[in-house]
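Here's the letter readout for the chains.
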Amino acid sequence: VTGVQTCALRSKLEIANAYSNLGIIYHNRGELSKALEYHKRALALNENMGQKEGVASAYSNLGSIYQTRGNLEKAAEYQQKALAVDEKDGMASAYGNLGNVFFIRGKLDKAVEYYQKALALDESLGHEEGMANAYSNLGIVYFKRGELSKALDYHKKALALNESLGRKQGVVDAYTRLGNIYQQQGQKEEAKLAYERVVDYYHEIGNPNMGNKVKVWLNAL
């Protein structure tokens, strides 16, 4: 009986994961109603199984959909639900998503607070990709605030981590933001070097059109 129950549970977990993955795919496609439907199915199945991490993940995914729709109150509500279920493993993403909500609302102090919470949790769990994302988000907030030295520091940290992880898009984003900061600071040579690296990486990852757009920035320096 135990073996049968274990197989049934494994089967349900696989179905819940499939629902979640389908929700993510439809979200990426911009088919938000379908994404919502599948994440709700994942939520119901995980609740039925008592899988706290799955429930929290489903809430977080639902919050992300509402954020995309522009319903920030609903987005924050679901991210808070995710945190209420489980504030440990996997919940750094909920903190990060709440930071995004507050950033969009223009509440930059709250955005920093939640990005820092995400960073601290990712550090404690050894989640380096999450740490890189948190560094990048903090850099973006400080750039928005006009605190360019802090922004520079965080984007350098994001760059170093993304390079060590081999996350080429993360490296491109970091160099782009560093170039923007250097340009704001009037450091044209540093900005030029950063943008040149962006062009190189875009060609390397097979996106020469974006590389050509960055060349326009270079020519304007």
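Refer to the preceding data block for the structure.
Since the model is a prediction, treat every value here as computed from it, not as a measurement.

Conventions used here
- Residues numbered from 1 in each chain as written.
- Predicted model: local features only at pLDDT ≥ 70, side-chain atom pairs only at ≥ 80, totals over all residues.
- Heavy atoms only, no water.
- Axes fitted to C-alpha atoms, helices over the stretch in contact; angles between N-to-C directions.
- Helix = DSSP H or I, 4+ residues; strand = E, 2+ residues; numbered from the N terminus.
- Parallel < 35°, antiparallel > 145°, perpendicular 65-115°, else oblique.
- Left-handed = near helix turned anticlockwise from the far one by under 90°.
- Contact = heavy atoms within 4.5 Å.
- Nonpolar A, V, L, I, M, F, W, Y, C, P; charged D, E, K, R; others polar.
- Salt bridge = Lys/Arg side-chain N within 4 Å of Asp/Glu carboxyl O.
- Buried < 20%, exposed > 50% of the residue type's maximum accessible area, 1.4 Å probe, protein only.
- Expected span 1.5 Å × (residues − 1).

## Structural notes on the packing of helix H7 (residues 128-145) against helix H9 (residues 168-184)
Next, step 1: Close contact between H7 and H9 brings their axes to 11 Å; oriented N to C, the two are set at 25°. By the angle class used here, H7 and H9 are roughly parallel. Taken as a pair, H7 and H9 cross one another with a handedness that is left-handed. Counting all contacts with H7, which are made through Ser136, Ile140 and Phe143, the residues of H9 involved are Arg177, Asn180, Ile181 and Gln184.
Next, step 2: Looking at the contact of H7 with H9 residue by residue, the classes come out as three nonpolar, three polar and one charged.

## Remarks on the pattern of salt bridges
Next, step 1: Overall, the coordinates contain eleven salt bridges when judged by the stated rule.
Next, step 2: Across the pair Glu77 and Lys81 runs a salt bridge whose closest N-O atoms are separated by 3.6 Å. Of the two residues, Glu77 and Lys81 are both situated in helix H4 (residues 72-85); the distance of four residues between them amounts to about one turn of the helix.
Next, step 3: Linking Lys157 and Asp153 is a salt bridge whose minimum nitrogen-to-oxygen distance equals 3.8 Å. Taken together, the positions of Lys157 and Asp153, both in helix H8 (residues 148-165) and four residues apart, correspond to about one turn of that helix.
Next, step 4: With a relative accessible area of 36%, Lys157 lands in the partly exposed category.
Next, step 5: Salt bridges sharing partners connect three or more residues here, namely Asp109, Arg145, Glu147 and Lys150.

## Quick look at the side chain of Thr176
Next, step 1: Here Thr176 lies in helix H9.
Next, step 2: When residues no more than four places from it in sequence are discounted, the contact partners of Thr176 are Tyr195, Val198 and Trp217.

## Let's talk about H7
Next, step 1: The end-to-end C-alpha distance of H7 is 26 Å, a good match for the 26 Å that 18 residues give at a rise of 1.5 Å each.
Next, step 2: Looking only at H7, the buried set comprises Gly130, Met131, Ala132, Ala134, Tyr135, Ser136, Leu138, Gly139, Val141 and Tyr142.
Next, step 3: For H7, the elements touching its buried residues are helix H5 (92-105), helix H6 (108-125), H8 and H9.
Next, step 4: At the exit of H7 stands Gly146, carrying a positive phi of roughly 85°.

## A look at the environment of Tyr95
Next, step 1: With respect to the secondary-structure elements, Tyr95 resides in helix H5.
Next, step 2: The buried category is assigned to Tyr95, whose relative accessible area is 11%.
Next, step 3: When the C-alpha positions of Tyr95 and Glu113 are compared, they lie 9.0 Å apart, and in sequence the two are 18 residues distant.

## Considering the packing of helix H2 (residues 32-49) against helix H3 (residues 52-69)
Next, step 1: Where H2 contacts H3, the two axes come as close as 8 Å, and the packing angle between them is 160°. In terms of axis orientation, H2 runs roughly antiparallel to H3. Judged by the twist between their axes, the crossing of H2 over H3 is left-handed. On the side of H2, the interface is formed by Leu32, Ser33, Ala35, Leu36, His39, Lys40, Ala42, Leu43, Asn46 and Glu47, while H3 contributes Gly54, Val55, Ala58, Tyr59, Asn61, Leu62, Ile65, Tyr66, Thr68 and Arg69.

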